[in-house]
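Structure at a glance
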Amino acid sequence: MKEHIHNWLTEKMRVNNVLACGIRSPDRKTFTRSQSAQFTPVALEHACRCLSDTFHVINSNRFPAQLIRWVYDNYFVYGFLREDGYCLAVLSRRTDLVISQSDLETIVAEFHSLPV
Amino acid sequence: MSEQTVNLKKVLFIDDNLQFLEMIERLMGNWSRGEWQIFLAQNSGKALLILQEHAIDLAVVDVQMPVVDGIQFLALLNRKYPHVQKVTLSAYADEASRTACLSQGAELFLEKPRDPADLELIFTTLRELARHKPVATGFRGVLRQVSLEDVIQMECLNRNSSILEVNAGNWHGKIFIKDGSILHAEAGGRNGESALNKILSLKGGEFNLKNFVEPPQQSIDGQWEFLLMEAARVRDEGRDTEELPEPAPPQAVAPLPLPAPVLKASELVAPPVSFVPAPISNRPARIDEMVVCTAKGEVLYEWQSPTVGDRISFLEFLSQKSQQLGEGLNLGAFDRLEMEGDRMRVIAQIKSDRGVFVRATKATARRPAETPNYAMA
């Protein structure tokens, strides 16, 4: 159990307007946190897997993307990929109560230096 | 119909190893406690027959199969039966195979079990997947239709015996295949290669694979590879298409606005949103490539795309993944995926009637505020 990853995700849930987040490791372990019953652990785990699959296919298509954003009617799902294969998913609203740009940058910078 | 019958899940396993299939049937049959009806196929030809006769919910495909391997079969399955959930099993779970399987529509890529305990874990995973019924709407699975050549090739490669019945409006044709050889074809009063060429020149229609019965005569004698090549040559030359009834023309599509060579990528497809964070930047970008296709994968507009087929496959993958992601979290309708690298940006948009793929190179002059460290490779 990587307690510090859980702790870091818990801490990120205090950032304004982060609805849920999760990390998936290259060995397919997933850690998730959510502040809404709408985003269950099972659904978030599934979302992290979708994200990881998408990065795989993106790279196989030779798009060297380190970050992606899924745009739905009312939500953004951000995905960030580290060079060691760890993925981070962050969920926010699209139209209002969005995560601020600086908060998002801080989250991603911390994720990239998060020890695993 | 009883409730038990309604909830019965039809699960098809495709593997060339008969012992493995028999073990699956015995163990998973017990574990499923009557929830599953299990079908077994040792090759892709038999699997196609089963898929045609039964409403399969879940197909579990071995990646390493002789003649037509699991990835090739998965591609065919994804096009012809898009709403069947698909899982691949592989003894060699390398990343290349995993990526290929996911690209071709597999929901899961699993390592082949080495002992019964692992198999039970796989059963639990499959049972959860089988309980989840995918939503049969949207772009998914309606992209490219499987071609007649695909099916003939697969039947011949597998040395199968079958009859391929083809219907286009009031027009009917049949191709008889025995032990992987094309024996006879009949269509519109013609027999032999002439009929085969006619059938293969159709641009639309339906076909069904039937169990083999002996044809009234043997009108074709030649290797199937050459027969298909000859049919393709005849079709390309347009020599044998004039008398055939064509299917209804596709719905007219309004002309699409063509992109100017240089635009801001964010202005192309994405409607304005109230918030654009730094990771998905607004830096000016030059369009390098663009593909617009219908929901059936027909190319409406292509500009400088080196591999249109790959882009359409990517849109197909995206359509499937976006539905999976959206359904699980209840996010509403999907609009687009934005992908950002150090120097490139890609936007892939999925709508009910079209898919759009745009790749752009970002301007080289960087402003520090727009290029955070984490975006650098």
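Just so it is clear, the structure is predicted and the values come from calculations on it, not from any experiment.

1. Some points on the overall build of chain B
Looking only at helices and strands, one finds eleven helices and 16 strands in chain B. When the 377 residues of chain B are sorted by exposure, 37% land in the buried category. The long-range share in chain B, meaning contacts at least 24 apart out of those at least 6 apart in sequence, stands at 65%.

2. Observations regarding the interface of chain B and chain A
Contact residues are listed per partner, giving 40 residues for chain B and 36 residues for chain A. Elements supplying a minimum of two residues to the side of chain B that touches chain A: α5 (95-103), α11 (308-329), β14 (334-340) and β15 (344-350) of chain B. Its residues assigned to classes, the side of chain B that touches chain A comprises 22 nonpolar, eleven polar and seven charged. In this structure, strand β3 (residues 67-72) of chain A lies alongside β14(B), joined through six bridges in antiparallel fashion. Within β14(B), the residue paired with Trp70(A) across the bridge is Leu337(B).

3. Some remarks on the confidence of the model for chain A
In this model, chain A carries an average pLDDT of 89, and 99% of its residues clear a pLDDT of 70 or more. Within chain A, the lowest mean pLDDT, 89, falls on helix α2 (residues 41-60) of chain A, and the highest, 95, falls on strand β1 (residues 20-24) of chain A.

4. Describing the environment of Met344(B)
Inspection of the secondary structure assignment puts Met344(B) in strand β15. A C-alpha to C-alpha distance of 9.4 Å links Met344(B) and Arg286(B), two positions 58 residues apart in sequence. Not counting the four nearest positions on each side in its chain, Met344(B) is found in contact with Phe63(A), Arg359(B), Ala360(B), Thr361(B) and Lys362(B).

5. Thoughts on the sheet that holds strand β2 (residues 36-41) of chain B
Residues and elements named next belong to chain B. On the basis of which strands lie adjacent, the open sheet formed by five strands has the order β2-β1-β3-β4-β5 and parallel pairing. Looking at the sheet topology across the chains shown, the edges are occupied by β2 and β5 (108-111). Averaged over all pairs of adjacent strands, the angle between strand axes in this sheet comes to 20°, irrespective of strand direction.

6. Re the packing of helix α2 (residues 18-31) of chain B against helix α6 (residues 116-131) of chain B
Residue and element names in this part refer to chain B. Two elements in contact, α2 and α6, have axes whose closest approach is 11 Å; the angle formed by their N-to-C orientations is 55°. In this view, α2 runs oblique relative to α6, as classed from their interaxial angle. Considering the relative orientation of α2 and α6, their crossing is right-handed. Residues Leu27, Met28 and Trp31 of α2 touch α6, and the partners they reach there are Pro116, Leu119, Glu120 and Phe123. Within the contact of α2 with α6, the residues separate by chemical class into six nonpolar, no polar and one charged.

What counts as what
- Residues numbered from 1 in each chain as written.
- Chains lettered and ligands numbered in written order.
- Predicted model: local features only at pLDDT ≥ 70, side-chain atom pairs only at ≥ 80, totals over all residues.
- Helix = DSSP H or I, 4+ residues; strand = E, 2+ residues; numbered from the N terminus.
- Buried ≥ 20, exposed ≤ 12 C-beta atoms within 10 Å, placed from the backbone.
- Contact = placed C-beta atoms within 7 Å.
- Nonpolar A, V, L, I, M, F, W, Y, C, P; charged D, E, K, R; others polar.
- Pairing = 2+ DSSP bridges.
- pLDDT = per-residue confidence, 0-100.
- Axes fitted to C-alpha atoms, helices over the stretch in contact; angles between N-to-C directions.
- Parallel < 35°, antiparallel > 145°, perpendicular 65-115°, else oblique.
- Left-handed = near helix turned anticlockwise from the far one by under 90°.

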